[in-house]
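These are the residues of each chain, in order.
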Amino acid sequence: MDAGEALKFDEAELRANREGRLSARQRNRVFARRRRLIVVLALLTLLIGLLAASVILGLLPGATAEGIVLALGAEALTAGLAFLLWILWQRFRALLAPGHVLCVSGPVTCYVLRERRTDDIAGRPGSRTGYYLRVAEQEFAVSEAALAAIEDGATWRLYYVARPHTLLSMEPAPDDRSS
């Protein structure tokens, strides 16, 4: 297995990362939490807006002042949520622009950490194993397959995003081009 298969990136994604950009697939994978927030907020906005509109339309023939004020307040809330949703969506889309992917090059140090801990309420001991790559000052958690695909001490160029600190792709790099 090569590094691309182990880290789940292809040549097109590597090209995008070289240009400082995330691919759409990488953005959706790395920022899944943000995407879920946008979807939940969109559904909430739609629900509140529909409920408020149906209340306004239903109350108009025999409307009370309190009912209309409440429904109008819900519509104002809907407008605010829609604006927030629009801002979040624009920021999410901006992640595809150049400049979000960082790069580090140098010799790779591969290592495994085994953490002993108690796993359950009964106090039975267990352990957790973590697989890591370190280049210069950057450290990345990777899968066991990714660690096996990389020769310790070889020089690689790694592409990553800072928040959340996530390795996107990597390629062999000559020793003299470290950054």
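If you're wondering where the values come from, they're calculated on a predicted model, not measured in any experiment.

A. Here's a closer look at the pattern of salt bridges. Enumeration according to the criterion identifies seven salt bridges in this entry. Linking glutamate 171 and arginine 18 is a salt bridge whose minimum nitrogen-to-oxygen distance equals 2.5 Å. Here arginine 18 lies in helix H2 (residues 11-18) and glutamate 171 lies in strand E6 (residues 166-172), a separation of 153 residues in the sequence. What makes glutamate 171 buried here is its relative accessible area of 11%. Its salt-bridge partner being arginine 134, residue glutamate 139 comes within 2.9 Å of it at the nearest N-O pair. Owing to a relative accessible area of 32%, glutamate 139 belongs among the partly exposed residues under this scheme. Counted as one network, the salt bridges with shared partners bring together Glu11, Arg18, Arg157 and Glu171.

B. Spotlight on the layout of surface pockets. In this structure, the largest pocket encloses a volume near 170 Å³. What lines the largest pocket is simply Leu7, Arg29, Glu139, Phe140, Ala141, His165, Thr166 and Leu167. Looking at the lining of the largest pocket, the elements that each hand over two or more residues are strand E4 (138-142) and E6. Residues of the lining of the largest pocket, tallied by class, amount to four nonpolar, two polar and two charged.

Cut-offs and rules
- Residues numbered from 1 in each chain as written.
- Predicted model: local features only at pLDDT ≥ 70, side-chain atom pairs only at ≥ 80, totals over all residues.
- Heavy atoms only, no water.
- Salt bridge = Lys/Arg side-chain N within 4 Å of Asp/Glu carboxyl O.
- Helix = DSSP H or I, 4+ residues; strand = E, 2+ residues; numbered from the N terminus.
- Buried < 20%, exposed > 50% of the residue type's maximum accessible area, 1.4 Å probe, protein only.
- 1 Å grid on protein atoms, 1.4 Å probe; cavity = no way out; pocket = protein on both sides within 12 Å on 5 of 7 lines; lining within 4 Å.
- Points joined across faces, edges and corners; volume = space filled by probe spheres on them.
- Nonpolar A, V, L, I, M, F, W, Y, C, P; charged D, E, K, R; others polar.

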